[in-house]
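Residues per chain, in single letters:
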Amino acid sequence: MENYLNENFGGVKPKHSSEEVLQRWRDMCGLVKNPKRRFRFTANLSKRNEAAAMRRTNQKLRVAVLVSKAAFQFAKFAEPSDHTLPDEYKAAGFDISADEAGALVENHNPEKLKFHGGVHGLAKKLKTCTINGLAMDDKDLSCRQELFGTNEFTEREQRSFWVFVWEALQDMTLMVLAACAIVSLIVGIATEGWPKGSHDGLGIVASILLVVFVTATSDYRQSLQFRDLDKEKKKISIQVTRNGYRQKLSIYELLPGDLVHLAIGDQVPADGVFVSGFSVSIDESSLTGESNPVKVNSENPFLMSGTKVQDGSCKMLVATVGMRTQWGKLMATLSEGGNDETPLQVKLNGVATIIGKIGLFFAIVTFTVLVQKLFSTKLIEGTQWNWSGDDALMLLEYFAIAVTIVVVAVPEGLPLAVTLSLAFAMKKMMNDKALVRNLAACETMGSATTICSDKTGTLTTNHMTVVKSFICMKTSTNDIPTTALNILRQSIFTNTGGEVVSNKDGKREILGSPTDTAILEFGLSIGGDFETERQVAKIIRVEPFNSTKKQMGVVVELPGGGARAHCKGASEIVLGNCDKLINENGEVVNLDEESLTLLKKKIDEFADEALRTLCLAYIDLESGDSGESPIPSSGYTCIGIVGIKDPVRAGVKESVALCRSAGITVRMVTGDNINTAKAIARECGILTDDGIAIEGPEFREKSLEELMVLIPKIQVMARSSPLDKHTLVRHLRTTFGEVVAVTGDGTNDAPALHEADIGLAMGIAGTEVAKESADVIILDDNFSTIVTVAKWGRSVYVNIQKFVQFQLTVNIVALIVNFTSACLTGSAPLTAVQLLWVNMIMDTLGALALATEPPNDELMKRAPVGRKGNFISNVMWRNIFGQAVYQFAVIWMLQSKGKSFFELNGADSDLVLNTLIFNSFVFCQLFNEVNSREMEKEDVLDGIWKNKVFVSVIAATAVFQSNLVFGENQGISL
C-alpha cells in the first residue's frame, strides 16, 4: 500500500507544490461520498487562478502607467483635474475625496499629484502634517473613518452551523439511506400499520440525523479554530507618527493622513506617497508578479499596499486604505484560494480511496449474496412468483446494509482527522508562543532531523548592552579627547537605524533594533544628544545594514562645509577598511602593525567573552562628493571597538540537550565573529569536541567533495551570508536527505526560510518579509519554543497514526463480519442503523478522541521519522491485523455458538443474539480505541486521565451504547 500511495499520492510537498500535482491526486480520488466535506480543507485551485489573473492585470496596469509617464514627459502642460469634491468632504474640512486620493496612487499619476500641490499639498488637503502626522480626537477619528474607510479587507463571511449541517447531508450514501428509510416507512406502515411498521425507517432516519449533527458540530468547531488562527496571522504592527509622537499601531488602525515609518523587511500597509527617506527599493511581486525591485523616491513617490520594502527606509503619507487599495481587491480573491493540503491529508485521501474501492466491491458482493439467498429460499419454497411486503422490506434491508457497508468502509474521516489534529495542535501551539502559518508545518516539524538556528535573539535574549569599549586605544571613556568624543557621538547618532524620541508621557524612548538601541544608549551615556547631533550634521546618504557586507554607512554634510562618511559593522571587516586611527591624544595617525595587532587582540578578547563586537570608523570626503556618490569602501579612520553583551536565554542549554536526545542536530548559523559564536555555542551545548566551527567565506571556497565530508560535522557557521545559509540548507535537504528547520529574522533570510522544510521566523525581531516566507512564527523569539513546536509536530504525526490504526481495524472487521455472515448464513448481524452508529464512533468521535492527544516527554526520546519513513509502520500493521483477528474471532464465536452458549431460545433469540453481537462489537471498538493510545507500550492507560477529551468521548460512547441496548425504544434503535 505504501508504494501505491507514494506513487499516486506522494508528489505533494509540505509547501510550494505545483498546481499539476495538486490536481492529479484529486483526479485519483474516484470514490468520494461527500466532496464538499472531503475537500473542504484543500486549496481552491480555480480561485487561485483568478488571483493569478488579477496579478497579470496589475502588471499590465503598471506597463500602462509607465507608458503614461513617458507621454507626460512630452506634454507641455498638465490636463486640469475633473475632480469634484463631494459636499460631505467639504463639510468635514477635507479638500480631497477618498476616491480621488485612491485614483492618484493607484494610477501612479505624477501630474495629478502635482495638481494637488505635491506631497505637502496632499497632506494639507488630508488635514495632516508631514512632520507630526495626524492630530485628532475621537470625533475627528470617527469622521475620518466614515469618509475614507478603515484599513480592513473584505473577508469570506463566516459560515453558520446550518451550512455545515447541509454539507454533512450531501453525503451520497446518507442520501441513499434516507431514500431507503422513506421507502421502508411507506412499505412498513402499509403492511404492518403504525407504529410497528415505522420502527426500521425511523431508526435509520434517527441514526442519519445523529451522524449529521455530530459531524456538523465537529466541523463547525474546526472552522471557528481556523478563523481565530487566521486573525492571529494578520496581526501586523507598524511605526506611525500620530499626534506628534512615534507609536506602534496595528495596520488596521491606519487612516489616510497617517505618517508611517518603513524600514527593510516591512510590508507597505496602505497606499501612499513617499515623504522622505533613503535608498528605498520596493518588491512588488506580491501585487504584480514582477520580481524586479522598483526604486521609490521623490520622482517616483507612489507606494502600494501589500508590497515589501526590500532596501532602505522612508516616511510614507497614507492616501488610501482598505478595499480602495489594489491589494485589498486582490486579498478578497486570495482569501478564497485556501491553503495547500498537507502531505498527510493527501496520503490519507489515498488510503480512503483504496479502502473505499474495496468496500464498494464487498458491498456489491454482500448484496448479491443476500439477494441470491432470498431467491434460493423462495425457489425451494415454490413462492418465487409471490412477493409480499415483508419480502420487499427484506430486499430494502439488504440494500441498506450494502450501502451502509460503503458508509463504514470508506474512511471519509481519515483526511479530516489530520485537519482536526492540526487545528488542535495549532491552537495549543499558540498558547505556547508559536503561530503556525502553514498547516503542513505542524506535521513536517515532527519529522525534523536538523535545526539551523540564528544566535541573536533566538539562543540569546536580544537585550543588548555595551559593556566594554576600546575607543581611541583606551578602555575607559572618561578621558577621551574632546575632538575624538565629538566624532564618536556624531558616528553613533547619525549612523543608526534607530531613533531617540519622546513618547506619549514625554519620557525618552529609544526605538530601533537591539544593536542600534545598545549603541544609542552608549552614546547617551557619554553625554550625547540625538536631536542636537541630527540638527548639526545633515544626513545626505544612507546605506542600511547589509548582511552580505555586514556593515552600514551614512554620509553627512558638515556645518563648516564638506562631507563625512561614517561606517559601523563587523569589527574585522570594518577594521580591514581602515588605514588610520584616532590615538589616545585624539590625533589621527597611520594604522601601523603594532596598533592593528592590539586592536585585533581586543576584538578576540571581547569575542572570547561572548560579546558581539562592532567597529566604528569615519572618512572625510572631498567637498565635491554628493549624496549620490557611493560610500567609500576603504581609507577609513578607526574610532574604536565596542563589545555588546547579549546573554544566553534561560533553558536553551536544556532544550539543545533535549533535541540531541530526540535525534535532532542543532546547528548555529550567525553573522557574528567566530570567537563570539563559538563561546555562545559552547555555553548552549551546541558545539561539541567532535564538531566543527567554520566561517562563511571559508565555507564558500570549499569544493563539492570537501562539503560532502564537512557539512555533517558543521555545528557553527560564523560570519555567514544569507547565501551561505541557503547553500547549507539546500545540501542538508537534497544531498543528505535531512528534514531541515531554519530560523530567520531578516529580509535576506527569506530564501533560506523558503528553501527549508520548515521556516521559523522570529515574531519580535523578524521583519514582515521573513514572516511572510516562514511556516511558523516564534512569537517570543525563544529557541525553547522551537523545541516545543518539534514536540507538537511529533504529537500530530503519532496521533494521526493512532487514529489510522484504529479506523483501519474497524473497517476490516466490519467488512469481514458482514461479508462472511452474508455468505455463510444469508443474513447480516449488523444492521444499517447499527453500522451508522459504528461509523460515527470510528469517524468523528474516534478522531476527536485520538487526534487530540497532548504531547508527552516520551516523544522526544524517539528518533525522528525523517524524510523516508513509512507512515503506516510495521508495528501498526501488526496491531491492525492482531486486533482484527481477535475481534473477528469474538464476533464469529458469538454468531456461531452464541445461542447455545447463552442458552437463547424462543422467537426473539435471533434479535437478542444480534443485539449481543452488536454490543460486543461496539465495546471491542472502545477497547481498541484505548489500545490505540499507545502503539508500542504495553501500558496503554498511562496518562489517560490527563486527556479529558479522550475520557469524555469514551464515557459518552459507553453511556449512549448502553441506552441503545437497554433503553425503552429498542425496537426503533436496533
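- Under an unreviewed UniProt entry, the name given to the protein is Calcium-transporting ATPase, and the organism recorded is Lactuca virosa.
- Recorded in UniProt for the protein, the comment headed Catalytic activity (unreviewed entry) runs: "Ca(2+)(in) + ATP + H2O = Ca(2+)(out) + ADP + phosphate + H(+)".
- One UniProt comment on the protein, placed under Function (unreviewed entry), says "Catalyzes the hydrolysis of ATP coupled with the transport of calcium."

**Considerations on a nonpolar patch on the surface**
Here is step 1: A cluster of nonpolar side chains, namely Trp162, Val205, Leu209 and Phe213, defines an oily patch on the protein surface of about 380 Å² accessible area.
Here is step 2: Here the nonpolar patch gets 3 residues from one element, more than from any other, and that element is helix 12 (residues 199-233).
Here is step 3: Position of Leu209 among the secondary structure elements: in helix 12.

**Here we look at the environment of Ile812**
Here is step 1: Following the sequence through the fold, Ile812 ends up in helix 31 (residues 783-825).
Here is step 2: The partly exposed category is assigned to Ile812, whose relative accessible area is 23%.
Here is step 3: The sequence separation of Ile812 and Val885 amounts to 73 residues, and the corresponding C-alpha distance is 9.5 Å.
Here is step 4: Discounting residues that sit within four places of it in the chain, Ile812 has contacts with Ile880, Phe881 and Ala884.

**Here we look at the sheet that holds strand 8 (residues 434-436)**
Here is step 1: Read across the sheet, 8 strands follow the order 8-25-24-23-9-20-22-21 without closing on themselves; strand pairing throughout is mixed. Whereas interior strands pair on both sides, the edge strands pair on one side only; in this sheet they are strand 8 and strand 21 (692-695). Taking each pair of neighbouring strands and ignoring which way they run, the sheet shows an average axis angle of 20°.
Here is step 2: For strand 9 (residues 450-453) and strand 23 (residues 740-744), the ladder comprises 3 bridges, and the chain directions are parallel. Paired with Cys452 across the two strands is Val742, which belongs to strand 23.
Here is step 3: In the packing of helix 31 onto the sheet, contacts are made with strand 8, strand 9, strand 20 (665-669), strand 23, strand 24 (758-762) and strand 25 (776-778), and the angle to strand 25 comes to roughly 145°.

**What about the pattern of salt bridges?**
Pairing between side chains becomes possible if they bear opposite charge and their charged atoms approach one another.
Here is step 1: Tallied over the entire structure, the rule returns 26 salt bridges.
Here is step 2: For Glu698, the salt bridge identified is with Lys702, shortest N-O distance 3.8 Å.
Here is step 3: In this structure, Glu858 and Lys861 form a salt bridge, with 3.5 Å as the shortest nitrogen-oxygen distance.
Here is step 4: Under the relative-accessibility criterion, Glu858 is labelled partly exposed at 40%.
Here is step 5: When salt bridges with common partners are traced through the structure, they connect Lys455, Arg612 and Asp672 into a single cluster.

**A word on helix 19 (residues 482-494)**
Here is step 1: With 13 residues, helix 19 ought to run about 18 Å at 1.5 Å a step, and its terminal C-alpha atoms sit 18 Å apart, in line with that.
Here is step 2: In terms of burial, helix 19 is a largely internal element, 10 of the 13 residues being buried.
Here is step 3: Looking at helix 19, one finds that the buried residues are Ala484, Leu485, Ile487, Leu488, Arg489, Gln490, Ser491, Ile492, Phe493 and Thr494.

**A word on the nonpolar core**
Here is step 1: In this structure, Leu177, Met445, Ile758, Val776, Phe783 and Val804 are the most contacted members of the largest nonpolar core, which totals 133 residues.
Here is step 2: Of the residues forming this core, the biggest block, 19 residues, is contributed by helix 31.
Here is step 3: If sequence neighbours within four positions are ignored, Met445 has contacts with Ile451, Ala741, Ile758, Leu760, Ile786, Val789, Ala790 and Gly793.

Cut-offs applied
Residues numbered from 1 in each chain as written. Predicted model: local features only at pLDDT ≥ 70, side-chain atom pairs only at ≥ 80, totals over all residues. Heavy atoms only, no water. UniProt positions renumbered as here; feature names shortened; annotations may be inferred. Patch = residues over 30% accessible without salt bridge, like charges linked within 9 Å, V, L, I, M, F, W, Y side chains within 5 Å. Areas by Shrake-Rupley, 256 points an atom, 1.4 Å probe, with all protein chains shown as cover. Salt bridge = Lys/Arg side-chain N within 4 Å of Asp/Glu carboxyl O. Helix = DSSP H or I, 4+ residues; strand = E, 2+ residues; numbered from the N terminus. Buried < 20%, exposed > 50% of the residue type's maximum accessible area, 1.4 Å probe, protein only. Contact = heavy atoms within 4.5 Å. Pairing = 2+ DSSP bridges. Axes fitted to C-alpha atoms, helices over the stretch in contact; angles between N-to-C directions. Expected span 1.5 Å × (residues − 1). Core = buried A, V, L, I, M, F, W, Y, C linked by side-chain atoms within 4.5 Å.

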